[in-house]
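Overview (structure and organization)
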Amino acid sequence: MVNVLFLSCFPHSVDRSAFKMTLILSYTVFPLIMNDLLPGTGNTIPLIYVFFSICLPLMVASLRQINPITNLLCGSADFSPVLHWIRVLTQFLGFLVSMAPMNKKSRASEIDLKTTTAVENIEDYEGPQEKNGPAVEDGAVQELKKGGKDLQDIHRQVNQGSEDWMQCCSLKVRPSKLLLIFISLLMHAQYSSTILNCSNPDTPSVLEALSPVFNLNAIRPVVNITTVTNVGLFLTVFGILGVDEKAQLLTTFLWPDIQWENEFTKWDPENCGTTRISISRTNLWVPDIVINEIMDENTAPKVPYAYLLSDGTVSDSQPIKAITSCKLDIYLFPFDIQNCTLSFNSYTLKSNALQLYLTETPERMTEYSKSRMATMGEWELIGIAAKKYTLTSTASGSYDEIRFYISLRRQAMLYVVNLLLPSCFLITVDLFSFILPPNDADRSSFKMTLILGYTVFLLMMNDLLPATGNAIPLINVFLSMCLAMMVASLLETIVITNFLCGSSNYSRAPRWIRVLFLKILGRLVCLLPKPRDRNDTVIQNPVTKVSSPVTEESKTLEQKGPLGEDKTLQELRSLGRVLQAVRLQVEQHLSKSLSTEEWIQIGLIIDRLLFILYIIFITVSFITIIIIWVVSYNAA
């Protein structure tokens, strides 16, 4: 550009040859320094090589045209007149480069103008003299006229030859415009890859034609370094191997299909006899696409080959056993739905060199993954969503990233059958134990055996429960509540047994307990105390004497003396007194006091209240489990 723009502006008096020679020397050193950036191949010649090769000959031609131009400028006066065909060619070239032939009058020098003026003055002076006749003419004037005509003819000849050669000289300078036009066309030209030629229409010939390209596997396969390589992704989830809730890891088996264009590997299918060929991955440039969430080494079997199509498309399908990090939410275990993210991006190339895109829609990926799914275990693939992001790098520039959102649903039937249903059965058995009469059946031993069996069940099923410190699953709360309800039922049985057996030794219940339990909670659980009978027999002390007609009559007979006393009657009287004392003691033992009845009534109210709470807890738990189960399937 310096050679084009500045040299055309330099006047002819400037030493252009030295400047051009220095410029050529600098340009020769420049490709030597930049040689490492240029691709080395023997198959095809890159277009940038052609550009460099043309620039150097143009600069050399520009230097060489300095010599004839300098010769024309300095020695054109001594040259013979320009030939006719040269003048015609010069006019034609001048028209092509928009440079019209020079006007002689406008290009005449001041001396020529003065000479012409002098000759015209002489002719003007000659005119009047001719009117007066030849007699008036002076001999000196005639000589001057002849000399002026000769000088004018000489000047016309010299001026014509010089102007013709100078016109050719000006046309020699005009190739700088051609260089500028060539550079403009080169900058706007479409770069295209070279089509490989095969000696025979078979696979070995294609492989032989591709051999020089294999040396270029270290560089990005583009002819122009500014061309962006578009890499397409298609993700297939072949298997869901497991989920580690404690470590927050997802293990999957993936088939990512990566496609990109290699501009050095194109051939004619008719000429080479095939449309695709399998090539070792080590012979091709492969984009450095990585998964950001991967946490362990890929242990999947290596696939050493990739498919190469005739249009330059490379298809690479490398299986990956991906152990990736995933933020798991197990609050609704075992009815949870997990959403894990897999981010694909280039590790080194920015967006100006490599861009990512999806070769198929996410719906197609989901459908194909479900049809190819080999193993799922306890998980079911719901769907695959994908979205492209352009993220800003910490350094200059940005990079493309495609995020795949994989939705998984846990197969809940295993946990429902092995964990939830047994827990519900055991808690239901404990519920029906409230039907047993507390004063006749040994409810405490029954409930203790039930708690022991439920504890052993939880220890056996501990491996089915998720272990994580992030959040407490809802099923853990349910199992803990079941155990707590069983323990509360056992404690309530112990309290009621104490009230039934030892309440006779208690004092009367405080007033606030009687109001809370007998009046408020008793009405709430529909268990009101029985009203007492006012006509109950008054229990008398057996030591005290009871007056009766028999005793009064015996006293009167005793007063009459032993003469009227009958022995049989005396024995009957003593037997009646003994029976009366026994009856009074039995009635006192069997009768219940008021305090004892109050404590027993309080125990029955507590038993009824816990029974109602048991029913509410079981009902709410069942409804909640069913709702969560249905919602999880609807959300899927």
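Model, not experiment: these values are computed from the prediction. (Residues numbered from 1 in each chain as written. Predicted model: local features only at pLDDT ≥ 70, side-chain atom pairs only at ≥ 80, totals over all residues. Heavy atoms only, no water.)

**Section: the overall build of the protein chain**
Helix and strand content of the protein chain: 19 helices and 13 strands. Considering the protein chain as a whole, with its 636 residues, one finds that 35% of them fall into the buried category. Within the protein chain, residue pairs in contact and separated by at least 24 positions form 78% of the contacts whose partners lie at least 6 positions apart. Within the structure as shown, the protein chain displays about 38,800 Å² of accessible surface, and the carbon and sulfur contribution to it stands at 61%. (Helix = DSSP H or I, 4+ residues; strand = E, 2+ residues; numbered from the N terminus. Buried < 20%, exposed > 50% of the residue type's maximum accessible area, 1.4 Å probe, protein only. Contact = heavy atoms within 4.5 Å. Areas by Shrake-Rupley, 256 points an atom, 1.4 Å probe, with all protein chains shown as cover.)

**Concerning the nonpolar core**
Buried together is how nonpolar side chains tend to be arranged in soluble globular proteins. Ranked by internal contacts, the top residues of the largest apolar core, which has 77 residues, are L210, F404 and Y614. Non-local contacts of Y614, meaning those with residues more than four positions away in its chain, are made with I427, D430, L431, F434, M485, M486 and S489. Membership of the second largest hydrophobic core comes to eleven residues, among which are A509, F517, V525 and I602. (Core = buried A, V, L, I, M, F, W, Y, C linked by side-chain atoms within 4.5 Å.)

**Topic: unusual backbone geometry**
Each neighbour pair has its own omega, and for F333 with P334 the value is 5 degrees, a cis peptide bond. As for its placement among the helices and strands, P334 is situated in the loop between strand 9 (320–325) and strand 10 (337–346). Not every positive phi belongs to a glycine, and Q248 is a case in point at roughly 60 degrees. Tracing the backbone shows Q248 in the loop between strand 2 (229–244) and strand 3 (249–261).

**Let's talk about the state of the cysteines**
Disulfides are covalent bonds that connect the sulfur atoms of two cysteines. Within the structure shown, the criterion is met by two disulfides. For C198, the disulfide goes to C272, at an S-S distance of 1.9 Å. Disulfide C198 to C272: torsion about the S-S bond roughly 85 degrees, handedness right-handed. Taken together, the residues C198 in the loop between strand 1 (195–196) and helix 10 (203–210) and C272 in helix 11 (residues 269–272) connect sequence positions 74 residues apart. (Disulfide = S-S within 2.5 Å.)

**Let's talk about the sheet that holds strand 13 (residues 398–410)**
Taken in spatial order, the four strands of this open sheet run 6-10-13-12, and their pairing is antiparallel. Here the strands that pair on one side only, and so sit at the sheet edges, are strand 6 (289–291) and strand 12 (379–392). On average, each strand axis in the sheet is inclined to that of its neighbour by 20 degrees, with strand direction left out of account. In this sheet, strand 13 lies alongside strand 10 in antiparallel orientation, the contact comprising nine bridges. Across the sheet, the residue bridging to L342 is F404, located in strand 13. Where helix 12 (residues 362–372) meets the sheet, it contacts strand 12 and strand 13, and its direction lies at approximately 145 degrees from that of strand 12. (Pairing = 2+ DSSP bridges. Axes fitted to C-alpha atoms, helices over the stretch in contact; angles between N-to-C directions.)

**Let's talk about the packing of helix 14 (residues 443–460) against helix 15 (residues 474–502)**
Packing of helix 14 against helix 15 leaves a shortest axis separation of 9 Å and a crossing angle of 160 degrees. The angle between the axes of helix 14 and helix 15 places the two elements in the roughly antiparallel class. For the pair helix 14 and helix 15, the sense of crossing is left-handed. In this structure, helix 14 contributes R443, S444, K447, M448, L450, I451, Y454, T455 and L458 to the contact, and helix 15 contributes L479, C482, L483, M486, V487, S489, L490, E492 and T493. Along the lines of polarity and charge, the residues of the contact of helix 14 with helix 15 split into eleven nonpolar, four polar and three charged. (Parallel < 35°, antiparallel > 145°, perpendicular 65-115°, else oblique. Left-handed = near helix turned anticlockwise from the far one by under 90°. Nonpolar A, V, L, I, M, F, W, Y, C, P; charged D, E, K, R; others polar.)

**What about the pairing of strand 2?**
Counted residue by residue, strand 2 has twelve buried out of 16 residues, so it is predominantly covered. Examined bridge by bridge, strand 2 and strand 11 (residues 354–358) share five bridges and lie parallel to one another. Bridge pairing in strand 11 links G232 to Y357. The hairpin formed by strand 2 and strand 3 contains four residues between the paired strands, and Q248 there has a positive phi angle of roughly 60 degrees.

**A short note on a nonpolar patch on the surface**
On the surface, a cluster of nonpolar side chains totalling about 620 Å² of accessible area is made up of L83, W85, L89, F92, L93 and L96. Looking at where W85 falls in the secondary structure, it is placed in helix 5 (residues 84–96). (Patch = residues over 30% accessible without salt bridge, like charges linked within 9 Å, V, L, I, M, F, W, Y side chains within 5 Å. Salt bridge = Lys/Arg side-chain N within 4 Å of Asp/Glu carboxyl O.)

**A look at the confidence of the model for the protein chain**
Predicted coordinates in regions of low pLDDT should not be interpreted in detail. Taken residue by residue, the protein chain gives an average pLDDT of 76. The fraction at 70 or more is 67%. A low-confidence stretch, residues 125–137 (pLDDT under 50), is modelled with six contacts involving residues beyond four sequence positions or located in other chains. When the criterion is pLDDT under 50, residues 534–551 qualifies, and its contacts beyond four places in sequence or with other chains add up to 13 contacts. (pLDDT = per-residue confidence, 0-100.)

**Focus on the environment of A306**
With respect to the secondary-structure elements, A306 resides in strand 7 (residues 305–309). With relative accessibility at 5%, the residue A306 sits in the buried group. Expressed as a C-alpha distance, the spacing of A306 and T282, which sit 24 residues apart in the sequence, is 9.5 Å. If we skip the residues at most four places from it in the chain, A306 touches I277, S278, I279, R281, V314, S315 and D316.

**Details of helix 13 (residues 413–432)**
The end-to-end C-alpha separation of helix 13 is 27 Å, in line with the 28 Å expected for 20 residues at 1.5 Å each. Of all the bends in helix 13, the greatest reaches close to 30 degrees and is centred on L420; the proline P422 follows between one and four positions later. Within the span of helix 13, buried status applies to Y415, V416, L419, L420, S423, C424, I427, D430 and L431. (Expected span 1.5 Å × (residues − 1). Bend = angle between axes of the 7 residues up to and from the residue.)

**Description of the side chain of R409**
Secondary-structure assignment places R409 in strand 13. Residue classification places R409 among the buried residues on the basis of a relative accessible area of 9%. Polar side-chain contacts of R409 include one of 2.5 Å to the side chain of E380. (Polar contact = N/O pair within 3.5 Å; in protein donor to acceptor, adjacent residues only side chain to side chain.)

**So, the environment of G603**
Its place among the elements puts G603 in helix 19 (residues 594–635). For G603, a relative accessible area of 1% corresponds to the buried category. For the pair formed by G603 and T497, sequence separation is 106 residues and the distance between their alpha carbons is 8.4 Å. For G603, the residues in contact, after removing those within four places along its chain, are I496 and F499.

**Re the packing of helix 13 against helix 14**
It is at 10 Å that the axes of helix 13 and helix 14 come closest, and there the two elements cross at 170 degrees. Our classification of the angle between helix 13 and helix 14 gives roughly antiparallel. Facing N418, L419, P422, S423, L426, V429 and D430 of helix 13, the residues of helix 14 in contact are F446, K447, L450, Y454 and F457. Class assignment of the residues belonging to the contact of helix 13 with helix 14 gives a composition of eight nonpolar, two polar and two charged.

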